[in-house]
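# Report on the structure
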Amino acid sequence: MLASKDNNTQAEEVYEPNTARPADSVYKVDQLNLWYGQDQALKNIELEIPEQQVTAIIGPSGCGKSTFIKTLNRLTEMIPSVKTTGGIYYRNQDIFDKKYKVELLRTKVGMVFQNPNPFPKSIYENIVYGPKIHGIKDKKVLDEIVESSLKGAALWDEVKDDLKKNAFGLSGGQQQRLCIARCLAVEPDVLLMDEPTSALDPISTLKIEELVQDLKKNYSIIIVTHNMQQAGRISDNTAFFLNGEVVEYDRTDKIFSSPDDKRTEDYISGRFG
Amino acid sequence: MKAARQETTITTEERLQEPANLSVREWKNKIFKGIFTAAAGFSLLMLIVLILRIFTQGIGYLDWNLITSFASRNPSDAGILAAFVGTIWLMAVTAPISFILGVGTAIYLEEYANKNRFTSLIQTNISNLAGVPSVVFGLLGLTLFVRELAMGRSIIAGALTMSLLILPIIVVASQEAIRSVPTNLKEASYAMGATNWQTIYRVVLPAALPGILTGNILALSRAIGETAPLIMIGALTYIAFLPENLLSQFTVMPIQIFNWTSRPQEEFHLVAAAGIIVLLAMLLLMNSIAVWIRNKFQRRF
Ligand SMILES: Nc1ncnc2c1ncn2[C@@H]1O[C@H](COP(=O)(O)OP(=O)(O)O)[C@@H](O)[C@H]1O
Ligand SMILES: [Mg+2]
């Protein structure tokens, strides 16, 4: 499905993909199955996620979007009842391999959650949390990271005089951008975003969408969204999930203009979900 | 129903009509309110009577001498110095031991242990231990610390026994505090590549600390009033010297108070009441500190 994207020139003008070099894939997902106890939440997922593009995951509530995105950084392991089969390869490394360090994976793959979850600390301390756990102690280096991360998340101008203030004093949209900045501080390769704007007002949502467009120059982004217009606006590729399966995965323009599967069409036209 | 409503219009009178059993419900409400108020009032009354009695008895002996003198055969000279210092020693040694063991156990159970038969066995036993009579802990302390480990009737033996006694309370309180740290904060930390320990040390413990400290202080304030286990391990009732180190013999306030009340002379009962006032003041102080910590570090998430 995705293989055909390179000769789809018409869409390239509209969606501005990174044409500088051919898209390698950051993730290859192979026959992934996941169970919560007896309940299967993911069924035979097969996906390749290209680098430096925005890949959207859409689908109705409870179809496994969050579960899927959390397998990509192995955060599902926090739930004791979870069992997984199949393979996930991040830059050709098997992330389920016993020798593969999960801390390394999560350093390379940052995550932004549905509800902004800053730590109950100052803005500054929130940003330096990641660098500090990875051993950076030099105050000057940390200061630079704080500035560049906040700039990267389009938050610097709003908070540069309040770095010592508690992050809980920020608005919801600012908190979410702080969480993005906190990820950027670790210099990841991939950003996972699980419905990052669903708890935000329209203006904050717009800011985050613009930010995502900006970030894809340097990062590969996988974003779960409940909002189809959002997927249409910001993503290059879209995967439609239903009942734990990938019904269709293709270029976003293709999915939205002429989906192959009837169920995709029904969902996109708002007939269910 | 629906069909009927559409046909007949409802009159204003009908709209204002009371539900049939409203007055009965109001009556019941009043009766139960009365019962609960009476129950609360009764406990409060008992507490006031108790405090009044102790104060009227003990106030005459409550002076600086009481705290600066050793026990004596003469009631007017008798003081609680040895017991007061002994209690402080005992608490100062019990607090770190029970804190490290209790919080360590709680961290292990909440953050490291897999949920399996073994850990659920530990969990059940900890809850059960909280219900074991304190005399039994005294017996354990006597055989294990005093005799087997040859610590004698020392402060360290007493403190270890007390630590065992309050350990279950501390573990359970700390577990609750740790469990109430929001998962999304832990996820944020793990998602940045933090290890288990980094997440515990930098996210979980700071957020849980107020709850943990409160639980520890309340557990210690229980230990302050305990007599039985210390009598079992043979803490002395009459001491005319201050403990010097962990292996010194000692006595504590409740033992001293018990000793005075069991004497025939009326005056000693009054000295005992004065001692109780001091003990109550210590308890009140500790509980206030616990409440202060809880309010100061009120949940910020
Ligand atoms: N922690 C969990 N334990 C058990 N079942 C879960 C858990 N989290 C999610 N599920 C189940 O997995 C399915 C997919 O959930 P989720 O991935 O959250 O869906 P989505 O993000 O698409 O709304 C749902 O049926 C949900 O009930
Ligand atoms: Mg979800």
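See above for the structure.
Now for a description of the structure that goes with this document. (Residues numbered from 1 in each chain as written. Chains lettered and ligands numbered in written order. Predicted model: local features only at pLDDT ≥ 70, side-chain atom pairs only at ≥ 80, totals over all residues. Heavy atoms only, no water.)

### Section: the overall build of chain B
Operational definition: Only DSSP runs of H or I reaching four residues or more are called helices, and only runs of E reaching two or more are called strands; each is numbered from the N terminus. Burial here depends on accessible area, computed with a 1.4 Å probe over protein chains only, as a share of the maximum for the residue type. Under 20% is buried, over 50% is exposed, and the range in between is partly exposed. Working rule for contacts: check all heavy atoms of both residues, and any pair within 4.5 Å makes them a contact. Each accessible area value is a Shrake-Rupley result obtained with a 1.4 Å probe; residue values ignore everything except the protein chains displayed when judging cover. Counting rule for charge: Lys and Arg are taken as positive, Asp and Glu as negative, and neither His nor the chain ends is counted. A charge is said to be at NZ when it belongs to Lys, at CZ for Arg, at CG for Asp and at CD for Glu.
Helix and strand counts for chain B come out as 13 helices and zero strands. Helices and strands appear in chain B in the N-to-C order α-α-α-α-α-α-α-α-α-α-α-α-α. Counting all 301 residues of chain B, 40% fall into the buried class. In chain B, the share of contacts with a sequence separation of at least 24, taken over all contacts with a separation of at least 6, comes to 74%. Summed over its atoms, the accessible surface of chain B is roughly 17,200 Å², and 65% of this surface lies on carbon and sulfur atoms. Charged side chains in chain B number 22 positive and 16 negative. The centres of these two groups are separated by 6 Å.

### Comments concerning the environment of Phe297(B)
The topology assignment puts Phe297(B) in the segment after helix 13 (266-296). Taking the C-alpha atoms as reference, Phe297(B) lies 30 Å from Leu160(B); in sequence the two are 137 residues apart.

### Quick notes on the site of ligand 1
All names here are of chain A. We apply this condition: Any residue with a heavy atom lying within 4 Å of a molecule or strand is counted as near it. Identification of polar contacts relies on pairs of N or O atoms within 3.5 Å, with a donor-acceptor requirement for protein atoms, meaning one able to donate a hydrogen and the other able to accept it, and with residues adjacent in sequence counted only if both atoms are side-chain atoms. Amino acids are sorted into nonpolar (Ala, Val, Leu, Ile, Met, Phe, Trp, Tyr, Cys and Pro), charged (Asp, Glu, Lys and Arg) and polar (every other residue, Gly among them).
Inspection of the region around ligand 1 gives Tyr36, Ala41, Pro60, Ser61, Gly62, Cys63, Gly64, Lys65, Ser66, Thr67 and Ile79 as its neighbouring residues. Between ligand 1 and Cys63, the relevant distance is 3.3 Å, taken from an oxygen atom to a main-chain nitrogen or oxygen of the residue. Thr67 places a side-chain nitrogen or oxygen 2.4 Å from an oxygen atom of ligand 1. Contact with the protein chains covers 58% of the free accessible surface of ligand 1, which is 560 Å². With three residues, the single largest contributor to the shell around ligand 1 is helix 2 (residues 65-72). The residue makeup of the shell around ligand 1, split by class, is five nonpolar, five polar and one charged.

### Some details on the packing of helix 5 (residues 81-112) of chain B against helix 10 (residues 196-225) of chain B
Each packed pair of helices is defined by two parameters, the angle between the axes and the distance between the axes. Residues and elements named next belong to chain B. For the record, the criterion: Only the stretch in contact is used when a helix axis is fitted, and all axes are lines through C-alpha atoms; the angle between N-to-C directions ranges over 0 to 180 degrees. Here the angle decides the label: under 35 degrees means roughly parallel, over 145 means roughly antiparallel, 65 to 115 means roughly perpendicular, and every other value means oblique. Crossings are assigned a handedness: left-handed for a near helix turned anticlockwise from the far helix by less than a right angle, right-handed for a clockwise turn.
Helix 10 packs onto helix 5 with a crossing angle of 140° between their chain directions and a minimal axis gap of 9 Å. Relative to helix 10, the element helix 5 lies oblique. The crossing of helix 5 and helix 10 is right-handed. Residues Thr87, Met91, Thr94, Ala95, Phe99, Val103, Ile107, Glu111 and Tyr112 of helix 5 pack against Asn196, Trp197, Ile200, Val204, Leu205, Ile212, Leu213, Asn216, Leu220, Ala223 and Ile224 of helix 10. For the contact of helix 5 with helix 10, the per-class residue count stands at 15 nonpolar, four polar and one charged.

### Examining the pairing of strand 2 (residues 39-50) of chain A
Residues and elements named next belong to chain A. In plain terms, the rule: Any two strands between which DSSP finds at least two bridges are classified as paired.
Examined bridge by bridge, strand 1 (residues 25-36) and strand 2 share eight bridges and lie antiparallel to one another. Bridge assignment links Tyr27 to a residue of strand 2, and that residue is Ile49. Joining the antiparallel neighbours strand 1 and strand 2 is a turn of two residues, in which Gly37 adopts a positive phi near 60°.

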